[in-house]
Amino acid sequence: MTTVAENIFKFKKLLGQETRLVVVSKKKTNEQILEAYQTGQRDFGENRVQEIIPKFESLPKDIQWHIIGHLQTNKVKYIAPFIHLIQSVDSESLLAEINKQAAKCNRTISVLLQLFIAQEETKFGFSEIELEQLILQDPEKKFPHVNIVGFMGMASNTENQNQIRKEFQSLQKFSLKMESLFHNSNPNILSMGMSSDWEIALTEGSTMIRIGTSIFETI
Ligand SMILES: *Cc1c(COP(=O)(O)O)cnc(C)c1O
């Protein structure tokens, strides 16, 4: 039997300084989240606005909240005052709305651009062509209240390790190719890897992993 705290320490030890651990706390209770918080963990990820709001309101204010799931434009206003990082920006209209709501709050909101790398129909994200076109339009200038700090991707839900590796490699390659197109920001975060595939993600250059199951499953 391992505890949440022990699981977190295990990950922190394996990751070292270069890779950030985001604990995915969707469907977890405040009590479970506090158990993680007490180890010093501050980055938590949620995929639903309805769930992140009551957690933000009731949990310690130094938690850095991440949105990791598809975000509807009409919900941005609810999280704009406090969100630390929106990892799942998958359209220009969403980017425009984040910019607008951030301006209203006098903030600059950090975001990751989500690239579609999987072979499934179900995952959100830009295609490489769409994302390259967006970046060529100088989004830093167009959306001054948004800070693009990197890229995010989800690999296919498959047993095929080679497939997963190839998908992570494509994201890493794409992010390197895009680097020179940014003038002011340095989009060096590469968010890839979850409980089932973080080891592959790490060898392919991930700097941020998003882990839920492996931390909260205390068997
Ligand atoms: C749920 C979720 C995770 C965490 O998945 P686990 O398998 O529980 O580690 C990571 N990223 C996203 C986008 C998720 O929705």
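Report on the accompanying structure.

Each value, and the rule that gives it
Residues numbered from 1 in each chain as written. Predicted model: local features only at pLDDT ≥ 70, side-chain atom pairs only at ≥ 80, totals over all residues. Heavy atoms only, no water. Helix = DSSP H or I, 4+ residues; strand = E, 2+ residues; numbered from the N terminus. Rg over C-alpha atoms; globule rule 2.2 N^0.38 Å. Buried < 20%, exposed > 50% of the residue type's maximum accessible area, 1.4 Å probe, protein only. Contact = heavy atoms within 4.5 Å. Areas by Shrake-Rupley, 256 points an atom, 1.4 Å probe, with all protein chains shown as cover. Lys, Arg positive; Asp, Glu negative; His and termini not counted. Charge placed at Lys NZ, Arg CZ, Asp CG, Glu CD. Polar contact = N/O pair within 3.5 Å; in protein donor to acceptor, adjacent residues only side chain to side chain.

### Quick look at the overall build of the chain
Here comes step 1: For the chain, the count of helices and strands is 10 helices and 8 strands.
Here comes step 2: Whereas a compact globule of 219 residues would reach a radius of gyration of roughly 17 Å, the chain reaches 17 Å, a difference of no more than 12%.
Here comes step 3: Looking at the chain as a whole, 48% of its 219 residues are labelled buried.
Here comes step 4: In the chain, once contacts between residues fewer than 6 apart in sequence are set aside, the share between residues at least 24 apart is 61%.
Here comes step 5: For the chain, the accessible surface area stands at approximately 10900 Å², while carbon and sulfur atoms represent 49% of it.
Here comes step 6: The chain carries 24 positive and 26 negative side-chain charges, and their two centres are separated by 4 Å.

### Concerning the side chain of N7
Here comes step 1: Note on placement: N7 falls in helix α1 (residues 4-15).
Here comes step 2: Reaching out from N7, the side chain makes a polar contact with the backbone oxygen of S214 at a distance of 3.4 Å.
Here comes step 3: Setting aside residues up to four positions removed in sequence, N7 forms contacts with T2, S214, I215, E217 and T218.

By themselves these figures say nothing about function.
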